[in-house]
Amino acid sequence: MVAFSAESLLAHPRYLPGQAALAGLRLDASTMVYLMMPAFLLWAGNQWRPHKIFALLNKGFHYVVLCVLALLYVASLKMYHEWQSLLSASALEYARKPGQMLAFISTGELLGLLLFMLVYSATMILLYRKWVIGFGTRVAPWYNKLLLTLAAPVAFGIGARGGLQLIPINESSAYFSQTPFFNHLAVNPFWYFVHSALDREQKEHPYIFMDAAAAEVRNKRLFVAADTLSQEVLNRDRPNVVIILLESWTADIIESMGGEPGVTPFFDSLRREGILFT
């Protein structure tokens, strides 16, 4: 993206691409951990039940991953150039209509991107074959092997979720700039694509927590006319009313609701002069 977005770079400080790389380290680490998990399972299987099939599967897995990454990166370059957005799983809808997908790319661009993808894939595979060694090396004694087999999944779990914080990381954890381009530059394309694909597979409505019939009964009770008049809280017939809705707040920082003092003084002044619904 840096190479294909020179105009965006020239208009901003030169240190921002490096800052984007640092901001995206946690997402990059999470991506690497997810990709390492299948290889670890093959390694562990080979440690306890040695067989050449594990080495073959491990090599094939890495070859496929490197080719998929190359395809994804090339598609992300073109996607960002056209739409100024990262490649998400929603783009797969265009794969059903190749004619529409190829309508916004020239033959020269297509050949250039394919050549780049082939060169990238071949380079990464050659580097893998040269540098990644020792898959078949046996760990001894047996208790060291057992320790690695049990400890690695724990480390993978922490790394995949981005740490020990309450909520696992998402793409927003890499955002650091007021310029969208540098935030997109910090987000790992593979992580973003897979995350968007998993979100699309969610079939059930995420906000339904009650049986529909029970919810309907409760909702009707809210609109039953009361036998007595409600208490009047306004001193005029035609007031000017401003309703403020605050989402994702916590009472822990609101002094008037028993929270920490001095965090929300303006909000507390609004509460004293208005009506607070909780």
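You'll find the structure just up there.
Conventions we followed
Residues numbered from 1 in each chain as written. Predicted model: local features only at pLDDT ≥ 70, side-chain atom pairs only at ≥ 80, totals over all residues. Heavy atoms only, no water. Helix = DSSP H or I, 4+ residues; strand = E, 2+ residues; numbered from the N terminus. Rg over C-alpha atoms; globule rule 2.2 N^0.38 Å. Buried < 20%, exposed > 50% of the residue type's maximum accessible area, 1.4 Å probe, protein only. Contact = heavy atoms within 4.5 Å. Areas by Shrake-Rupley, 256 points an atom, 1.4 Å probe, with all protein chains shown as cover. Lys, Arg positive; Asp, Glu negative; His and termini not counted. Charge placed at Lys NZ, Arg CZ, Asp CG, Glu CD. Core = buried A, V, L, I, M, F, W, Y, C linked by side-chain atoms within 4.5 Å. Salt bridge = Lys/Arg side-chain N within 4 Å of Asp/Glu carboxyl O. Phe/Tyr/Trp six-rings, centres within 6.5 Å; stacked < 30°, edge-to-face > 60°. Lys NZ or Arg CZ within 6 Å of the ring centre and 35° of its normal. Expected span 1.5 Å × (residues − 1). Bend = angle between axes of the 7 residues up to and from the residue. Axes fitted to C-alpha atoms, helices over the stretch in contact; angles between N-to-C directions. Parallel < 35°, antiparallel > 145°, perpendicular 65-115°, else oblique. Nonpolar A, V, L, I, M, F, W, Y, C, P; charged D, E, K, R; others polar. Patch = residues over 30% accessible without salt bridge, like charges linked within 9 Å, V, L, I, M, F, W, Y side chains within 5 Å.

Participant: Just to check I follow, could you spell out the overall build of the protein for this structure?
Facilitator: Of the regular secondary structure elements, the protein holds 11 helices and zero strands. By the compact-globule yardstick of 19 Å for 278 residues, the protein is too spread out, its C-alpha radius of gyration being 27 Å. By its C-alpha atoms, the protein is 80 × 55 × 45 Å across when sized along the principal axes. In the protein, which comprises 278 residues, the share counted as buried stands at 25%. For the protein, the proportion of contacts with a sequence separation of at least 24, taken over those separated by at least 6, is 66%. Only carbon and sulfur atoms are counted for the fraction: they give 64% of the accessible area of the protein, which is about 20800 Å². If the 22 positive side-chain charges of the protein are averaged to one point and the 20 negative ones to another, these points end up 16 Å apart.

Participant: What exactly am I supposed to notice about the nonpolar core here?
Facilitator: Considering soluble globular proteins, one finds that nonpolar side chains tend to be buried as a cluster. Counting residues in hydrophobic clusters, the biggest one holds 12 residues: Leu16, Ala20, Leu27, Tyr80, Leu86, Ile169, Ala174, Phe181, Phe182, Ala186, Val187 and Trp191. For this core, the secondary structure elements donating two or more residues are helix H2 (16-23) and helix H8 (180-186). Among the elements that take part in this core, H8 stands out by supplying three residues, more than any other. Apart from the residues within four sequence positions on either side, valine 187 is in contact with Leu27, Leu86, Glu171, Ala174, Tyr175 and Tyr192. Core analysis: the second largest hydrophobic core is formed by 10 residues, Phe40, Phe135, Phe156 and Ala160 among them.

Participant: I keep staring at the pattern of salt bridges and nothing clicks. Help me out?
Facilitator: Here the idea is simple: oppositely charged side chains can pair when their charged atoms come close. For the coordinates displayed, the defined rule picks out one salt bridge. A salt bridge links lysine 78 to glutamate 109; the nearest nitrogen and oxygen atoms lie 3.0 Å apart. Linking lysine 78 in helix H4 (residues 52-83) with glutamate 109 in helix H6 (residues 107-131), this pair joins segments that are 31 residues apart in sequence. Residue class for lysine 78 comes out buried when judged on its relative accessible area of 9%. The class of glutamate 109 is partly exposed, set by a relative accessible area of 35%.

Participant: What is the right way to look at the environment of alanine 44 in this model?
Facilitator: Here alanine 44 is to be found in helix H3 (residues 25-48). Classification of alanine 44 as buried rests on a relative accessible area of 10%. Through-space distance from the C-alpha of alanine 44 to that of leucine 150 is 10.0 Å; in sequence the pair is 106 residues apart.

Participant: For this particular structure, what's the right way to read the packing of aromatic side chains?
Facilitator: Any pair of aromatic rings gets described here by the distance separating the centres and the angle formed by the planes. Across all of its chains, the model carries eight aromatic pairs by this definition. Taking the centre distance of 6.0 Å and the plane angle of 80 degrees together, the rings of tyrosine 63 and tyrosine 128 count as edge-to-face. Of this pair, tyrosine 63 sits in helix H4 while tyrosine 128 sits in helix H6; the two residues are 65 residues apart in sequence, bridging distant segments of the chain. Classification of tyrosine 63 as partly exposed rests on a relative accessible area of 22%. By the ring-pair criterion, three or more aromatic residues cluster together here, those being Phe40, Trp43 and Phe156. Against the face of tryptophan 48 rests lysine 145, its NZ or CZ located 4.5 Å from the ring centre.

Participant: Please clarify how H3 should be interpreted in this entry.
Facilitator: One turn of an α-helix holds 3.6 residues; hence residues three or four places apart share an orientation. For H3, spanning 24 residues, the distance from its first C-alpha to its last is 33 Å, which sits close to the expected 34 Å at 1.5 Å a residue. Along H3, the largest kink reaches about 35 degrees and is centred on methionine 37; proline proline 38 follows within four residues of it. If you check which residues of H3 are buried, you get Leu27, Ser30, Thr31, Val33, Ala39, Phe40, Leu42, Trp43, Ala44, Gly45, Asn46 and Gln47. Where H3 is buried, its residues contact H4, helix H7 (142-160) and helix H9 (189-200).

Participant: Mind showing me how you'd approach the packing of H4 against H9 here?
Facilitator: When two helices pack together, their arrangement is given by the angle between their axes and by how far apart the axes lie. As a packed pair, H4 and H9 sit with axes 10 Å apart at the nearest point and diverge in direction by 90 degrees. In terms of orientation, H4 and H9 fall into the roughly perpendicular class. Taking contact as the criterion, the partners of Leu69, Leu72, Tyr73 and Ser76 in H4 are, on H9, Pro189, Phe190 and Phe193. Among the residues making up the contact of H4 with H9, the classes are represented as six nonpolar, one polar and no charged.

Participant: Help me understand a nonpolar patch on the surface in this model?
Facilitator: On the surface, Val242, Ile244, Leu246, Trp249, Phe266 and Leu270 cluster together into a nonpolar patch covering about 650 Å² of accessible area. Structurally, tryptophan 249 is set in the loop between helix H10 (212-221) and helix H11 (265-273).

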